[in-house]
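# Chains, contacts and geometry: an overview
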Amino acid sequence: MPAEESTPAIVLRARDYAESDRIVTLLTRDFGKLSGIAKGAKASRRRYERKLEPFSCVTLFFKRRPLGQLVFITRAERGETGHPAIEDDLGKIALGSYMLELADALTTEEAEATHAYNILADALAALGQGQASAALRYAYELKLLRAAGYGLEFERCRLCNNVIEANGSAVYFVVARGGIVCSRCRPEAPEGAVRLDAASAATLALLGIASFDEAASLVPGNASGALALARFLASILDRKLRSADFLDRVL
Ligand SMILES: [Zn+2]
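Everything quoted here is computed from the prediction, not taken from an experiment.

Below, the discussion takes up the layout of surface pockets. Estimates place the volume of the largest pocket at around 380 Å³. Every residue lining the largest pocket is counted, 19 residues in all, and those nearest its centre are R137, A230, K240, A244 and D248. Looking at the lining of the largest pocket, the elements with two or more residues in it are helix 2 (90-105), helix 4 (134-147), helix 7 (223-236) and helix 8 (242-250). When residues in the lining of the largest pocket are grouped by element, the largest group, 5 residues, is from helix 7. Estimated volume of the second largest pocket: approximately 320 Å³. If you go around the second largest pocket, the residues you meet are L12, R13, P54, F55, S97, L100, E101, D104, R239, R242 and S243. Contributing elements (two or more residues each) for the lining of the second largest pocket: strand 1 (5-17), helix 2 and helix 8. Among the residues forming the lining of the second largest pocket, the class breakdown is 4 nonpolar, 2 polar and 5 charged.

The following block contains the structure:
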């Protein structure tokens, strides 16, 4: 029998399975995304209470199986941060659900995801202690995209590399370039680029590097920043996230 392994982990989704089991997908710090089966979890609610529900931050104990992707979850203990305090607030539930679904969509099983894990853990902690806000959403999207290999550029023109002045001319976000082009390079940008005022671009550049606590105090620019991020996400995700519509209505 394989040895028991353990890692900090966050539950992304969970569902009941057969008579008494539960199938759980988690983003782990040490082993990337894992799906596992917790035998008898439904029958022993007390042992697993609130530890195998979405949002739970736990220390996961599991054993690998010789065949098949599902690991055997042997137990789960409350992690350092436990369950973020989001349940009394619709905006927090909506943004938190979106955070989980986006992390699920941007990670794959068997791939290293320590950076993504840390981003999700920090974002959920910030959400639990603060408020749901557009700034927190954009900061999370920008950081998670960077961890997934899609670092978006809002500070410099992708073509001439000039730094954009926050009080300068409007810039244009080009999905295919994963960043902005300046007004002088605009003729070389394709049709359909998203026009951003320079201040909005500067704020997005800042949100990508600020801590979540700092991000919460920033005021994101107008809706064109949201449009730029949404267009980029749509270009790399193979499906529309269910939680995105809900979040757009609530926030
Ligand atoms: Zn340029």
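This part covers unusual backbone geometry. Within the chain, A18 stands out as a residue other than glycine whose phi angle is a positive 50 degrees. Locating A18 in the fold gives a position in the loop between strand 1 and strand 2 (21-28). Assessed through its relative accessible area of 58%, A18 is described here as exposed. Residue N161 is not a glycine yet carries a positive backbone phi of 70 degrees. Counting through the fold element by element, N161 comes out in the loop between helix 4 and strand 6 (171-174).

Moving on, we get to the packing of aromatic side chains. For any pair of aromatic rings, geometry is given as the distance between the ring centres together with the angle between the planes. On inspection of all chains with the given rule, the structure shows 3 aromatic pairs. Summarising the aromatic geometry, the rings of Y150 and F232 are spaced 5.8 Å apart at their centres and angled 70 degrees between planes, so their arrangement reads as edge-to-face. Highlighted residues: Y150 in the loop between helix 4 and strand 6 and F232 in helix 7, separated in sequence by 82 residues. Taking the relative accessible area as the measure of exposure, Y150 reaches 33% and is therefore partly exposed. Taking 5.4 Å as the distance between ring centres and 10 degrees as the angle between the ring planes, the aromatic pair formed by F154 and F173 counts as stacked. Pair noted here: F154 is in the loop between helix 4 and strand 6 and F173 is in strand 6, with a separation of 19 residues, a long-range link. Across this residue pair, the class does not change: F154 and F173 are buried. Positioned above the aromatic ring of F61, the side-chain terminus of R75 is 3.7 Å from the ring centre.

The subject of this paragraph is the pattern of salt bridges. The tally for this structure, following the rule as stated, stands at 13 salt bridges. Linking D16 and R22 is a salt bridge whose minimum nitrogen-to-oxygen distance equals 2.6 Å. By relative accessible area, D16 is classed as partly exposed at 36%. In this structure, E101 engages R239 in a salt bridge whose closest nitrogen and oxygen atoms are separated by 3.2 Å. Highlighted residues: E101 in helix 2 and R239 in the loop between helix 7 and helix 8, separated in sequence by 138 residues. A relative accessible area of 41% places R239 in the partly exposed class. Linked through salt bridges whose partners overlap, the residues forming this network are E4, R75 and E77.

Calculation notes
Residues numbered from 1 in each chain as written. Predicted model: local features only at pLDDT ≥ 70, side-chain atom pairs only at ≥ 80, totals over all residues. Heavy atoms only, no water. 1 Å grid on protein atoms, 1.4 Å probe; cavity = no way out; pocket = protein on both sides within 12 Å on 5 of 7 lines; lining within 4 Å. Points joined across faces, edges and corners; volume = space filled by probe spheres on them. Helix = DSSP H or I, 4+ residues; strand = E, 2+ residues; numbered from the N terminus. Nonpolar A, V, L, I, M, F, W, Y, C, P; charged D, E, K, R; others polar. Buried < 20%, exposed > 50% of the residue type's maximum accessible area, 1.4 Å probe, protein only. Phe/Tyr/Trp six-rings, centres within 6.5 Å; stacked < 30°, edge-to-face > 60°. Lys NZ or Arg CZ within 6 Å of the ring centre and 35° of its normal. Salt bridge = Lys/Arg side-chain N within 4 Å of Asp/Glu carboxyl O.

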